[in-house]
Amino acid sequence: MKPEFDLCVIGGGSAGLVVAAGGAGLGAKVALVEKRALGGDCLWTGCVPSKALLHSAKVAHTVRTARRAAVGADEPEPDLPAAMARVRAVIQTLEPHDSPARFRGLGVEVVFGAGRFIDSGRFEVEGRTLTAKRFVIATGSRPALPPIPGLGLTPFLTNETLFELREPVPRLVILGAGPIGMEMAQAFRRLGSEVEVLDSAEQALPKEDRDLSALVERQLVEEGVRFSLGCEALEAAPAPNGIRLTVRGPTGAQRGIEGSHLLIAVGRKPNLEDLGLDAAGVALENGRLALDARLRTANRRIYACGDVAGPFLFTHTAEHQAGVVLKNALFHLPVRAETRAVPWCTFTDPELARVGLSEREAAERGVPHRAYGFDFENLDRAVTDDAARGRAKLVTSPRGTILGAAIAGAGAGELIHEYVLAMRHKLKVSDLAGAIHVYPTLAQVNRRLAEQRLKAGLTPAAKRWLKRIFGLRGN
Ligand SMILES: Cc1cc2nc3c(=O)[nH]c(=O)nc-3n(C[C@H](O)[C@H](O)[C@H](O)COP(=O)(O)OP(=O)(O)OC[C@H]3O[C@@H](n4cnc5c(N)ncnc54)[C@H](O)[C@@H]3O)c2cc1C
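Conventions and cut-offs
- Residues numbered from 1 in each chain as written.
- Predicted model: local features only at pLDDT ≥ 70, side-chain atom pairs only at ≥ 80, totals over all residues.
- Heavy atoms only, no water.
- Phe/Tyr/Trp six-rings, centres within 6.5 Å; stacked < 30°, edge-to-face > 60°.
- Buried < 20%, exposed > 50% of the residue type's maximum accessible area, 1.4 Å probe, protein only.
- Helix = DSSP H or I, 4+ residues; strand = E, 2+ residues; numbered from the N terminus.
- Lys NZ or Arg CZ within 6 Å of the ring centre and 35° of its normal.
- Near = heavy atom within 4 Å.
- Polar contact = N/O pair within 3.5 Å; in protein donor to acceptor, adjacent residues only side chain to side chain.
- Areas by Shrake-Rupley, 256 points an atom, 1.4 Å probe, with all protein chains shown as cover.
- Salt bridge = Lys/Arg side-chain N within 4 Å of Asp/Glu carboxyl O.
- Pairing = 2+ DSSP bridges.
- Axes fitted to C-alpha atoms, helices over the stretch in contact; angles between N-to-C directions.
- Contact = heavy atoms within 4.5 Å.
- Domains from an automatic or database assignment.
- Buried area = accessible area lost by both parts, 1.4 Å probe.
- Nonpolar A, V, L, I, M, F, W, Y, C, P; charged D, E, K, R; others polar.
- Patch = residues over 30% accessible without salt bridge, like charges linked within 9 Å, V, L, I, M, F, W, Y side chains within 5 Å.

## Description of the packing of aromatic side chains
Point 1. One pass over the structure, following the stated rule, counts 4 aromatic pairs.
Point 2. Centre to centre, the rings of Phe117 and Phe123 are 5.0 Å apart; their planes meet at 80 degrees, and the pair counts as edge-to-face.
Point 3. Accessibility expressed as a relative area gives 2% for Phe117, which makes it buried.
Point 4. Exposure remark for Phe123: the relative accessible area of 0% places this residue in the buried category.
Point 5. Between Phe314 and Trp344, the aromatic rings sit 5.9 Å apart at their centres with planes inclined by 10 degrees, giving stacked as the arrangement. Highlighted residues: Phe314 in the loop between strand S18 (302–304) and helix H10 (315–331) and Trp344 in strand S19 (residues 343–346), separated in sequence by 30 residues.
Point 6. A residue is classified by how much of its surface remains accessible, and Trp344, at 15% relative accessible area, is buried.
Point 7. Members of the aromatic cluster, joined through ring pairs, are Phe117, Phe123 and Phe135.
Point 8. Looking at Arg468, its charged tip hangs above the ring of Trp465, at a distance of 5.4 Å from the centre.

In structure tokens, the structure reads:
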């Protein structure tokens, strides 16, 4: 019997929505299955609420530091419950874009419920059997919970409950100094909470180069965030005013940390349970979906994209992978998912953005490389704007191929795109250095950084030749 749909998408977050809207727009008959609400983590519990809260926090910080710009201002009066109400209002403003009505209007059949595969070509949901030529698993991820004794009896928050807070948070303890932990540490601190961040890693933002993450860490410390790094959480328990963690520090000494609230932000787990993957012939590898470069599972009619596919857990990679799936599933084009020129950004202030290899990764992987740096304090616009805390780094092969770039500094999330384009189109460092950049902009950091590589590439012998040929008389 002919399948009812061309595409059946399971999960209506960033990845699934792009597949569904794109598929319908291209003329496919699409079913979209969602167990909660369309929009996924990004809209309800991830990017949108976190960035909306960071905005309120930034306004508070700007008022608090107005005197640095010679502008008199009273102390701000941050109000966390009101800021959270604003977060929810922002979500409501954006929600119609992801609403069932909009998708039904695009011709997508939206089915609510959590279903499962009953064989390699049928997905059952709420008593209905959906058949499709191609399926797409886009069920996202959820917060991973660390196996800390007592955690089950201790009240804690994750990104799934944080933005529902309606009460003040006098003292927030955050487990995890990754991007989510760091963004929320700064947001809550700027909005008036005392904040302590714990991590077993010895640096904040442990995936980034130490010199760059240290800039962000120093900023947060100056704002009053306390860090306990290299610390292991041994036990969690409820306390009269909230929670208590027992931790072992880097020296082996134990101590207790109390907070009114505990936020767990130690990583993510793919949502793979109860989908009937065995029945569908979809294989796992080390607890993750086994996928080829075209994002096909072991059952070639079933694809995956977004957080559930990994390895990058971002909305923009979910959207990119959705496009790859559409091209492969509908048009049988052998398009591969990008894994090299993939950018990301931690939206602290200063931001920390990266694309490609970091200096440390290049060293750890034994990749021959050179690294160059340029500090924001040497950038006129950063000085005029009181944003001199920052550093940009470029990692190239010895011959000058760009392997990666990272920026800690104001506007890093915008500035990184020049390197994304350069890497994607295999531009040379000299192309970046030769492109005229508007003065005075922060984007000039990209040209100045490229010049570091060109200067370093000028060997003493080459300099001697230039001097001889052109009769130059300097040193
Ligand atoms: C606090 C936080 C801040 C973030 N900030 C950023 C940021 O600034 N920039 C960025 O790029 N990324 C950010 N992210 C990551 C981003 O939110 C995710 O990468 C993105 O949402 C992944 O989209 P997805 O479609 O794969 O998954 P999701 O958005 O999680 O969507 C999956 C959907 O599948 C549904 N589902 C699950 N199981 C089933 C089932 N069995 N049947 C039917 N439906 C099911 C879920 O209900 C959900 O709606 C952030 C994440 C968090 C947690």
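## Quick notes on the site of the ligand
Point 1. As a matter of local geometry, the ligand sits amid 35 residues, with Glu34, Asp41, Lys51, Asp307 and Thr315 nearest to it.
Point 2. Take Leu313: an N or O atom from its main chain is 3.3 Å from an oxygen atom of the ligand.
Point 3. Within the backbone of Thr315, an N or O atom sits 2.9 Å from an oxygen atom of the ligand.
Point 4. Within the complex, the protein chains bury 93% of what would otherwise be the 1000 Å² of accessible surface of the ligand.
Point 5. Sorting the residues of the shell around the ligand by element identifies helix H1 (14–25), strand S2 (30–34), helix H2 (40–44), helix H3 (47–64) and H10 as the ones contributing at least two each.

## Examining the pattern of salt bridges
Point 1. Going through the model one piece at a time under the given rule, you end up with 32 salt bridges.
Point 2. Residues Arg64 and Glu75 are paired through a salt bridge, measuring 3.8 Å at the closest nitrogen-oxygen approach. Within this pair, whereas Arg64 is found in helix H3, its partner Glu75 is found in the loop between H3 and helix H4 (80–94), the two being separated by 11 residues in sequence.
Point 3. In this structure Arg64 comes out as partly exposed when scored by relative accessible area, which is 32%.
Point 4. Close ionic contact of Lys393 with Glu359 constitutes a salt bridge, the shortest N to O distance being 2.7 Å. Taken together, the residues span a long stretch of sequence, with Lys393 in strand S22 (residues 391–396) and Glu359 in helix H11 (residues 359–364) at a distance of 34 residues.
Point 5. Because the salt bridges share partners, they merge into one network encompassing Asp209, Asp211, Glu359, Asp375, Arg391 and Lys393.

## Section: the sheet that holds strand S9 (residues 194–199)
Point 1. Pairing in this open sheet of 4 strands is parallel, and the strands run S10-S9-S8-S14 from one edge to the other. Single-partner strands in this sheet number two, and they are strand S10 (226–229) and strand S14 (261–264). Averaged over all neighbouring strand pairs, the angle between strand axes comes to 20 degrees, with direction disregarded.
Point 2. Across 5 bridges, the pairing between strand S8 (residues 171–175) and S9 is parallel. Bridging from a neighbouring strand, Leu175 pairs with Leu198 of S9.
Point 3. The strands touched by helix H7 (residues 179–190) are S8, S9, S10 and S14; relative to S9, the strand with the most contacts, the crossing angle is about 165 degrees.

## Observations concerning the domain arrangement of the protein
Think of interface size as the accessible area that goes away when the parts come together; that is how it is often given.
Point 1. The assigned domain composition of the protein is domain 1 (5–38 + 99–142 + 269–331), domain 2 (151–266) and domain 3 (343–460).
Point 2. On a C-alpha basis, the centres of domain 2 and domain 3 stand 30 Å from each other.
Point 3. In total, about 1700 Å² of surface goes out of reach between domain 2 and domain 3, with carbon and sulfur atoms giving 49% of it.
Point 4. Three residues stand out in domain 2 for area buried against domain 3, namely Glu208, Asp209 and Leu212, and they jointly supply 35% of the buried area on that side.
Point 5. Applying the counting criterion to the domain 2 and domain 3 interface returns 6 salt bridges.
Point 6. Ionic pairing is found between Arg354 and Glu208, a salt bridge with its closest N-O pair at 2.8 Å.
Point 7. One can count 17 residue pairs in polar contact (both at pLDDT 80 or more) joining domain 2 with domain 3.
Point 8. Residue assignment for the side of domain 2 that touches domain 3 shows that the elements contributing at least two residues are H7 and helix H8 (210–222).
Point 9. Broken down by element, the residue count for the side of domain 2 that touches domain 3 peaks at 9 residues, all from H8.
Point 10. Of the residues that constitute the side of domain 2 that touches domain 3, the class distribution is 7 nonpolar, 4 polar and 9 charged.

## Regarding a nonpolar patch on the surface
Point 1. Together, Leu458, Trp465, Leu466, Ile469, Phe470 and Leu472 make up a nonpolar patch on the protein surface, roughly 640 Å² of accessible area in all.
Point 2. Here Ile469 lies in helix H17 (residues 460–470).

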